[in-house]
Amino acid sequence: MFASKPLYSFNQLEKACIERRPSLQCRSPYVADAILSDSNSKTIIHTPALGCCGLSHNGSNVLISLLYDKRANEKEEKKKRKKKKRKKKKMEKKRKRKKRNVFANIVQK
């Protein structure tokens with residue numbers, strides 16, 4: 001009579017400790033700063049239901065599922081491309097100046 005399939009399954013859960021709620025970066029009460037147990041790196045996490053009746057306050061150990069923001073990765077890639085393009089333009093300008101200086105030296109002699 002009951003379904004054997006789960007309603008929802010999480011991809012990969014990681015342990016984290018909530019360091020500060022609300023977060024320093026985003027002052028929303030639904031966002032907290034946390035430290036991942038495996039890598040000791042800081043991250044921002046979403047805390048639903050305004051802290052789940054005390055289950056996600058400062059110092060609480062929680063299980064989180066990581067989400068990777070595709071837009072953030074795209075923004076980083078775009079920044080890298082722009083930086084590379086600026087560097088290329090800068091090198092081209094430098095080459096042009098060098099050619100002008102060589103030409104000026106030949107004309108003066």
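To keep things clear, this report deals only with the structure shown in the data block.

Things to note about the overall build of the chain
Move 1: In terms of helices and strands, the chain carries two helices and four strands.
Move 2: What you see in the chain, going N to C, is helices and strands ordered as β-β-β-α-β-α.
Move 3: Within the chain, the proportion of its 109 residues that are buried is 16%.
Move 4: Long-range pairs, those at least 24 residues apart, make up 38% of the contacts in the chain with a sequence separation of at least 6.

What to know about the nonpolar core
Move 1: Membership of the largest hydrophobic core is limited to eight residues, which are Ala16, Ile18, Ala32, Ala34, Leu36, Ile45, Val62 and Ile64.
Move 2: Top element by residues in this core is strand 2 (residues 31-36). It accounts for three residues.
Move 3: With near-sequence residues (within four places) excluded, Ala34 lies in contact with Ala16, Cys17, Ile18, Glu19, Ser41, Lys42, Thr43 and Ile45.

A few points about unusual backbone geometry
Move 1: Pro22 follows Arg21 through a cis peptide bond whose omega is 0°.
Move 2: With respect to the helices, strands and loops of the structure, Pro22 is situated in the loop between strand 1 (13-20) and strand 2.
Move 3: Positive phi is not limited to glycine here, since Asn40 has a value of about 55°.
Move 4: The residue Asn40 is located in the loop between strand 2 and strand 3 (42-46) in this model.

Structural notes on the pairing of strand 4 (residues 61-65)
Move 1: Side chains Val62 and Ile64 project from strand 4 onto a buried face, and the interleaved Asn61, Leu63 and Ser65 project onto a face without burial.
Move 2: Across five bridges, strand 1 lies against strand 4 in antiparallel orientation. Bridge pairing in strand 4 links Glu14 to Ile64.

Regarding the sheet that holds strand 3
Move 1: The strand order 3-2-1-4 describes an open sheet built from four strands, whose pairing is antiparallel. Of all the strands in the sheet, the pair left with one neighbour each is strand 3 and strand 4. Pairwise comparison of adjacent strand axes, ignoring direction, gives a mean angle of 55° for this sheet.

Points about the pairing of strand 1
Move 1: Across four bridges, the pairing between strand 1 and strand 2 is antiparallel. Counted as the bridge partner of Ala16 is Leu36 from strand 2.

A short note on the environment of Leu66
Move 1: As for its placement among the helices and strands, Leu66 is situated in the loop between strand 4 and helix 2 (70-108).
Move 2: The exposure class of Leu66 is partly exposed, given its relative accessible area of 30%.
Move 3: A C-alpha to C-alpha distance of 8.8 Å links Leu66 and Ile45, two positions 21 residues apart in sequence.

Calculation rules
- Residues numbered from 1 in each chain as written.
- Predicted model: local features only at pLDDT ≥ 70, side-chain atom pairs only at ≥ 80, totals over all residues.
- Heavy atoms only, no water.
- Helix = DSSP H or I, 4+ residues; strand = E, 2+ residues; numbered from the N terminus.
- Buried < 20%, exposed > 50% of the residue type's maximum accessible area, 1.4 Å probe, protein only.
- Contact = heavy atoms within 4.5 Å.
- Core = buried A, V, L, I, M, F, W, Y, C linked by side-chain atoms within 4.5 Å.
- Pairing = 2+ DSSP bridges.
- Axes fitted to C-alpha atoms, helices over the stretch in contact; angles between N-to-C directions.

Function-wise, these values are silent; they only describe arrangement.
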